[in-house]
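What follows is the residue order along each chain.
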Amino acid sequence: MATASLKRPDASRARPAVPTWLLWTVAVWAVRLAVTVLGILTLLFALLHLSGDPAAVMVGPGGSAEDLAKVHAQLGLDRPFLDQYLAFLGDVARLDFGDARGTGEAALPAVLAKLPLTLQLVAATLVVSVAVGLPLGVLAAARREGTLGRIIAGAAALGQAIPNFVLGLVLLLVFALWLGWLPSYGSTTPAHTVLPVITLALFTLARVVLLTRAGVIEALSQDFCRAVVAKGGGRSRVLWRHALPNAFPPVLAFLVTDTGYLLSGTVLVEQLYAYDGIGRGLVIAINEQDYPTVQATVFTVAVIVVAVSALGDVLGRVADPRVGRESAG
Amino acid sequence: MSRLSTPARIALAGLALLAAAVAFGPLLLPADPLKQNLADGLAPPFWMDGAIPGHPLGTDQLGRDLLVRTLAGGRTSLLVGFVAATLACFLGILAGLVAGYLGGIIDRLIMGVGDLWIAFPFLVLAIAAITVVGSSTPVLIVLLTLAGWVTPARVTRALARRLKGEDYVSAAVGFGGGHRYVIARHLLPAVAGANAVIWTFMVGALVLIEGGLSFLGLGVRPPTPSWGTILNDGRDLMETAWWVPLWPGLALTLTVLFVNLLGDGLRRVFDVKESDRA
Amino acid sequence: MLEVQDLSVTAGKTVLVDGVSFAVAAGAMLGLVGESGSGKTTAVLALAGLLQEGVVRSAGEVSLDGSPLTDARLAKVRGKDVGLVFQDPSASLDPLMRAGAQVAEVYRVHGVGRGEARRRAVALLAKVGVARHRAFPHQLSGGQRQRVGIAVAIALGPRLLIADEPTTALDVTVQAQIMELLLSAQKETGAATVMVSHDLDLVARHADDVAVMYAGRLVETGPAAKISARPRHPYTRALLESRPRLGAARGPLPVIPGQAPHPSARPSGCAFHPRCPLALARCATETPQLVGGVACWAAADE
């Protein structure tokens, strides 16, 4: 340290181990997580308890009178509402969402076991949307007067309109049933992910293409792109190193909010392709009147949404340094 | 409306045609969407071998005519979407006015709930709610209304806040006009344009959500047909009678396409920027 | 040395720049002055080959250091032999790129290795007065951003330096500093400099020669000292007189009545005649040519 302080006198000044803004950000996100999760679960709790007999819902159809009475006691439905709610909060804090109907195992671990498959699907969708969508968007912007540009933009507009479950049925029909190139149902092999990913990704991909195209066109009209040409840079450099990075922040913002759509979409897609993720699990659960699993799924999804939002925030700052802290004038 | 672009006009015409078809089609056509005739089951559309005259689009597994069934399904889907979107806009505008005009903690509360609401995947929430209360058309409409209130609320609130500070609003209040007058004469016309665009897109979005829920078997109760339920029926028939899900799928896609085009056109007419939607 | 002969720029049928000729010696500065719409910016963009879609150089020859400055040559020497300083530094810098990187880019484009480009960029930025080379444009003040812009323009020692209203977007207090920087850069590189401005006063103080443009044509040219002492064209005179001056007599500022014409609605004959206090009959029908540094029928008679 002594040698260091000879060269850089201010290095000897003590610096906090973790910068304060980071701590603050983490704290804010922790609060958001708590509020989101609790908010949604409280809503569900209220719905459950205010609309008819919660025990009946928990037990499901075909439950005997004894089952009902047992659950009634278990849930403590005779106690005051506030007591019940506090007990519920305690359960949530311990991550205890009850036992799944049918298997009798704890609900949350069962849901979490299926989570990786769903995450694979969503992650693959995002990767495809960005890896294919950004270049196509740039291309569509660069050649916007020409045929290729118009075809891409038109195809993207169409792609935004096709409902994902309709697309899924079409792809299933053509590629799995008629052509036999890809498997139709299940989630065991990597080939099983191809159709589900395409189905889930089309809307997002189309939107990324259109947003990128718009962003690039906007950036190209600005002086700084002309300034790059003045430096001697070629068209390629202007497009890929200047226009695209400037077009990217809104695309990123869209992708973060799109996660909600993707998680909804995965329910439909998984159901269609019998892909064994938490979406399909949710549909099975509702068909079996398995409320604990439904609740556990809602909890898991809420956590994912907040996590993605937080991640998106961090990435957003990297993508656009203008967001946030410093600014001189 | 005169400034509407050509694609938007085509879309409007297409939607009008669709609406007319689903409204009057089932009345004019002889077949009954619910009538089963197992002997005629799984007849293909008119251009294929084995087609039965009188059933140009084919029949499903229970012998129900697909043309009429698709039109009847359209009635349900479009009506649900239409009604829910309208209710959602009402609710949203109300919430936005309250939040924007009153400000303070009420504003924060409403917008906070809205932010939370819109981030969460709606289908998951809907399924959870249906687990508790069961599914039926009224439940569906309520759910869809709740799905859509946030965007009109946000836009209305932004405009309400902006106008609250405007001089002519203070002047109007000063003249003894009262807040109700201000809202009616100034705010509502100002938000009308943006909300018209939002409403248009929302009809499409809600028709899709209804379709999705019905596809999962969680939407309207059978035997009422909707595009989603027909698609669901058709799912198992993909290998043998692929034309069953074809018609509702086509109808849904066209509806969304038209709605998007019309919405874009309206956006240009009312000069609503993409960012204003959020 | 820059030589421009009969430069004309059109956008479809509209003439934006009409037969402009001037020359700038190496190390000298020419101030190109005019109102908005006079074609001054268009003219210099044409020199750099940076005209937008639909706008073309329809006539004229431009040569730099003896050889013609064709589009082909420009594609190679832009950034190296030809440097451009843009008007609004908030818009001409990439918002997502650090200052040092933007300067380094000039070196990189012209074949310099990454490490060396970085070193030279940091050194150059320090020289023009920007120490924070890792800053993003939004973290810098307007004056600092324009310093970065100037650094970019002079990085490779251009032979032709074009400055398009370099101080217009800046605070008055900062303008002087930037002008100083520009002048010292010019002296050091020995570039022929064309500075575009709407401020005749500013130009008269700093430039060696002045060329005044109106509605796409040159109306007066000459050494800066001579023009500010004895302006001959009515437009030039009016420009000088309408500038507020400390210590001048009170009373309303002289204003040039009317407005500068839109390029597509150019008056016949001398474009200035509808607003000119000395207009003669022939001014409405015959376009005066640039003779002895001034293009005016009234001045020719003096």
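As the structure is a computational prediction, the values presented were derived from the model and not from experiment.

All names here are of chain C. Taken in spatial order, the 4 strands make up an open sheet running 2-1-4-5, and their pairing is antiparallel. Sheet topology places strand 2 (14–24) and strand 5 (67–68) at the edges, where each strand pairs with a single neighbour. As paired strands, strand 4 (residues 55–64) and strand 5 are joined by 2 bridges and run antiparallel to one another. The residue bridging S63 from the neighbouring strand is P68, located in strand 5. Most of the contacts of helix 1 (residues 40–48) go to strand 1 (residues 2–11), to which it runs at about 110°, and overall it touches strand 1, strand 2 and strand 4.

All names here are of chain A. A complete count under the given rule lists 18 salt bridges over all chains for this structure. Between D91 and R94 there is a salt bridge, and its shortest N-O distance comes to 2.5 Å. Within the structure, one salt-bridge network assembled from shared partners comprises K114, D276 and R280.

Residues and elements named next belong to chain C. Strand order in this open sheet of 6 strands is 6-7-8-3-9-10, and the pairing throughout is mixed. One side of each edge strand has no neighbouring strand; the edge strands of this open sheet are strand 6 (82–85) and strand 10 (217–223). When strand polarity is set aside, the average angle formed by the axes of neighbouring strands in this sheet is 15°. Of the pairings in the sheet, the one linking strand 3 (residues 29–33) to strand 8 (residues 192–197) comprises 5 bridges and is parallel in character. Considered in strand 8, the bridge of L30 is made with V194. Strands in contact with helix 1 are strand 3, strand 6, strand 7 (160–164), strand 8 and strand 9 (209–214); relative to strand 8, the strand with the most contacts, it is inclined by about 150°. Of the strands in this sheet, strand 3, strand 6, strand 7 and strand 8 are in contact with helix 7 (residues 172–189), which crosses strand 8 at around 160°.

Below, the discussion takes up the interface of chain A and chain C. In this complex, chain A contributes 23 residues to the contact, which on the side of chain C involves 28 residues. Its largest share of buried area at the contact with chain C, chain A owes to R226, A230 and K231 of chain A, together 30% of the area lost on that side. For K231 of chain A, the salt bridge is made with E105 of chain C, and the minimal N-O distance between the two is 2.9 Å. For the side of chain A that touches chain C, the secondary structure elements donating two or more residues are helix 10 (223–231) and helix 11 (235–273) of chain A. In terms of residues, the side of chain A that touches chain C owes the most to one element, helix 10 of chain A, which gives 8 residues. Here the residues of the side of chain A that touches chain C sort into 9 nonpolar, 6 polar and 8 charged.

Attention now moves to the side chain of H138 of chain C. Along the polypeptide, H138 of chain C turns up in the loop between helix 5 (114–128) and helix 6 (142–154). A relative accessible area of 14% places H138 of chain C in the buried class. At a separation of 3.4 Å, a polar atom in the side chain of H138 of chain C contacts the main-chain carbonyl oxygen of P321 of chain A.

This next bit is on the packing of helix 2 (residues 20–50) of chain A against helix 5 (residues 81–93) of chain A. Residues and elements named next belong to chain A. Relative orientation of the contacting elements helix 2 and helix 5 amounts to 135°, with a least axis distance of 11 Å. With respect to helix 5, the element helix 2 is oriented oblique. Both helix 2 and helix 5 take part in a crossing whose hand is right-handed. Here helix 2 contributes L38, L41, T42, F45 and H49 to the contact with helix 5, which in turn contributes F81, Q84, Y85, F88, L89 and V92. Of the residues belonging to the contact of helix 2 with helix 5, the class tally is 8 nonpolar, 3 polar and no charged.

Bringing the packing of helix 5 of chain C against helix 6 of chain C into the picture now. All names here are of chain C. Between helix 5 and helix 6, the least distance of the axes is 9 Å, while the angle of their chain directions is 125°. As the angle between them shows, helix 5 and helix 6 are arranged oblique. Here the hand of the crossing between helix 5 and helix 6 comes out right-handed. For the pair helix 5 and helix 6, the contacting residues are L124, L125 and V128 in the first and R147, V148, A151 and I154 in the second. The class makeup of the residues in the contact of helix 5 with helix 6 is 6 nonpolar, no polar and 1 charged.

For the rest of this paragraph, the subject is the pairing of strand 1 of chain C. Residue and element names in this part refer to chain C. With 7 bridges connecting them, strand 1 and strand 2 associate as antiparallel partners. When the sheet's bridge partners are listed, V9 is paired in strand 2 with V17. Pairing between strand 1 and strand 4: 8 bridges, direction antiparallel. Paired with S8 across the strands is A59, a residue of strand 4.

We now examine the environment of G190 of chain C. Residue and element names in this part refer to chain C. Tracing the sequence through the fold places G190 in the loop between helix 7 and strand 8. As a C-alpha pair, G190 and L160 span 30 residues in sequence and 8.8 Å in three-dimensional space. Leave out the neighbours within four places in its chain, and G190 touches A26, G27 and R159.

Listed as interface residues are 41 residues of chain A and, on the opposing side, 35 residues of chain B. Across the interface of chain A and chain B, roughly 3400 Å² is buried in total on both sides, 82% from carbon and sulfur atoms. Area buried by chain A at its contact with chain B is led by F165, L169 and I286 of chain A, which between them contribute 17% of it. Taken together, chain A and chain B are joined by 0 salt bridges. At the boundary of chain A and chain B, one finds 4 residue pairs in polar contact (both at pLDDT 80 or more). Elements that contribute at least two residues to the side of chain A that touches chain B include exactly helix 2, helix 7 (147–161), helix 8 (164–178), helix 11, helix 12 (278–287) and helix 13 (291–319) of chain A.

Our focus in this paragraph is the domain arrangement of chain A. Entries for chain A in the domain assignment read domain 1 (52–94) and domain 2 (113–322). A straight line from the C-alpha centre of domain 1 of chain A to that of domain 2 of chain A covers 40 Å.

What follows concerns helix 2 (residues 66–102) of chain B. Residues and elements named next belong to chain B. Taking 1.5 Å of rise per residue, the 37 residues of helix 2 would be expected to cover 54 Å, and the 52 Å separating its terminal C-alpha atoms lies within 8% of that figure. With a side-chain oxygen lying 3.4 Å from the backbone nitrogen of L67, the N-terminal cap of helix 2 falls on D65. Count one or two residues on from helix 2 and you reach G103, which has phi positive near 65°.

Let's shift gears to the side chain of T156 of chain B. Residues and elements named next belong to chain B. Assignment of secondary structure puts T156 in helix 6 (residues 150–164). The exposure class of T156 is buried, given its relative accessible area of 0%. Here P152 takes part through its backbone oxygen, which lies 2.6 Å from a polar atom of the side chain of T156.

Conventions used here
- Residues numbered from 1 in each chain as written.
- Chains lettered and ligands numbered in written order.
- Predicted model: local features only at pLDDT ≥ 70, side-chain atom pairs only at ≥ 80, totals over all residues.
- Heavy atoms only, no water.
- Pairing = 2+ DSSP bridges.
- Helix = DSSP H or I, 4+ residues; strand = E, 2+ residues; numbered from the N terminus.
- Contact = heavy atoms within 4.5 Å.
- Axes fitted to C-alpha atoms, helices over the stretch in contact; angles between N-to-C directions.
- Salt bridge = Lys/Arg side-chain N within 4 Å of Asp/Glu carboxyl O.
- Buried area = accessible area lost by both parts, 1.4 Å probe.
- Nonpolar A, V, L, I, M, F, W, Y, C, P; charged D, E, K, R; others polar.
- Buried < 20%, exposed > 50% of the residue type's maximum accessible area, 1.4 Å probe, protein only.
- Polar contact = N/O pair within 3.5 Å; in protein donor to acceptor, adjacent residues only side chain to side chain.
- Parallel < 35°, antiparallel > 145°, perpendicular 65-115°, else oblique.
- Left-handed = near helix turned anticlockwise from the far one by under 90°.
- Domains from an automatic or database assignment.
- Expected span 1.5 Å × (residues − 1).

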